[in-house]
Amino acid sequence: MRLVLVGPPGAGKGTQATRLAERLEVPHISTGDLFRANLTEGAETAIGLEAKRYMDAGDLVPDEVTVAMVRERLTHEDAIKGFILDGFPRTLSQAGSLEQLLDERGEVLDAVVEFQVPEDVLVARLLGRGRNDDTEEVIRRRQEVYRDETAPLLEHYREQLVSIDAVGTVEEITDRVADALRTRTR
Ligand code: ADP
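The rules behind each value
Residues numbered from 1 in each chain as written. Predicted model: local features only at pLDDT ≥ 70, side-chain atom pairs only at ≥ 80, totals over all residues. Heavy atoms only, no water. Helix = DSSP H or I, 4+ residues; strand = E, 2+ residues; numbered from the N terminus. Expected span 1.5 Å × (residues − 1). Contact = heavy atoms within 4.5 Å. Axes fitted to C-alpha atoms, helices over the stretch in contact; angles between N-to-C directions. Parallel < 35°, antiparallel > 145°, perpendicular 65-115°, else oblique. Left-handed = near helix turned anticlockwise from the far one by under 90°. Nonpolar A, V, L, I, M, F, W, Y, C, P; charged D, E, K, R; others polar. Salt bridge = Lys/Arg side-chain N within 4 Å of Asp/Glu carboxyl O. Buried < 20%, exposed > 50% of the residue type's maximum accessible area, 1.4 Å probe, protein only. Near = heavy atom within 4 Å. Polar contact = N/O pair within 3.5 Å; in protein donor to acceptor, adjacent residues only side chain to side chain. Areas by Shrake-Rupley, 256 points an atom, 1.4 Å probe, with all protein chains shown as cover.

Another point: helix 7 (residues 136–150). Its 15 residues place the ends of helix 7 20 Å apart at the C-alpha level, agreeing with the 21 Å of an ideal helix rising 1.5 Å per residue. Check the buried side of helix 7 and you find it contacts strand 1 (2–6), helix 3 (46–57), helix 6 (119–129) and helix 8 (152–156).

Take a look at the structure:
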């Protein structure tokens, strides 16, 4: 199963991606987590240090850095049987790069899952999370970037799109996604 998860910051993609990855037995690949892993204290990499200034401002890391990192991750053995991409692609240009990458591998996406959550719920959740880049100003900037840069992907992927109401308990939402995928990919 090859999935892309799309949704605004705070929509719960990461939580659901972890759970879905277990159910579907494919790796969860989060670009945010990959960047943060490159910033582990004492083991910072060039990619991490380059990414940090964008992340701290709520801006997108430049495509060349992001795409190269994803390309490399997809060469790992565990990604042969499938993957759940969380936080990538985030722009139409990244979607183009992903298509090219999958083409080279002779692969296609099975579905693109959209997590729908009202904006006031999102901001409240993120303020409660307390990550470094979760100040109110940066949160608002990330929502703006989502609206301007990422939301256009929904139209781009309309044929593969599975939209999920992502307000509810963690378990309910996992079940909704799993049910929707079963219906769709049957
Ligand atoms: P959130 O879902 O709250 O935005 P993430 O962990 O997905 O958190 O991303 C954190 C930050 O990492 C983003 O604000 C951005 O700076 C950077 N980032 C993650 N994915 C991408 C991507 N595909 N392209 C560019 N930057 C990215």
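Let us now look at the packing of helix 6 against helix 7. For the pair helix 6 and helix 7, the least separation of the axes is 10 Å and the interaxial angle reads 140°. When the interaxial angle is binned, helix 6 and helix 7 end up oblique. The interaxial crossing formed by helix 6 with helix 7 has right-handed handedness. Contacts from Glu119, Leu122, Val123, Leu126, Leu127 and Arg129 of helix 6 reach helix 7 at Glu136, Ile139, Arg140, Arg142, Gln143 and Arg147. Tallied by class, the residues present in the contact of helix 6 with helix 7 amount to five nonpolar, one polar and six charged.

Applying the stated criterion to the full structure yields 20 salt bridges. A salt bridge links Arg36 to Asp33; the shortest N-O distance between them is 2.9 Å. One end of the pair, Arg36, and the other, Asp33, are both in helix 2 (residues 31–37), three residues apart, so they sit about a helical turn from each other. Here Arg36 falls in the partly exposed class, since its relative accessible area comes to 31%. Asp33 sits in the partly exposed class, given a relative accessible area of 40%. Residues participating in the shared-partner salt-bridge network are Arg129, Arg131, Asp133, Asp134 and Arg142.

The next subject is the packing of helix 4 (residues 63–74) against helix 5 (residues 92–105). Following both chains from N to C, one finds helix 4 and helix 5 inclined at 30°, their axes separated by 11 Å at the closest point. By the criterion of interaxial angle, the relationship of helix 4 to helix 5 is roughly parallel. For the crossing formed where helix 4 meets helix 5, the hand is right-handed. Residues Asp63, Thr66, Val67, Arg71 and Leu74 of helix 4 pack against Ser93, Gln94, Ser97, Leu101, Glu104 and Arg105 of helix 5.

Moving on, we get to the site of the ligand. Residues in contact with the ligand amount to 18 residues; listed here are only the nearest, Thr31, Arg36, Asp59, Gly87 and Arg90. Here a nitrogen atom of the ligand sits 3.0 Å away from a polar atom, N or O, in the main chain of Val61. Measuring from an oxygen atom of the ligand, one finds a side-chain N or O atom of Arg142 at 3.3 Å. Taking 550 Å² as the accessible area of the ligand by itself, protein coverage stands at 96%. Element by element, the count of residues in the shell around the ligand is highest for helix 2, at four residues. Considering only residue class, the shell around the ligand consists of six nonpolar, five polar and seven charged.

From the geometry alone we can't say anything about function, so treat these as descriptive.
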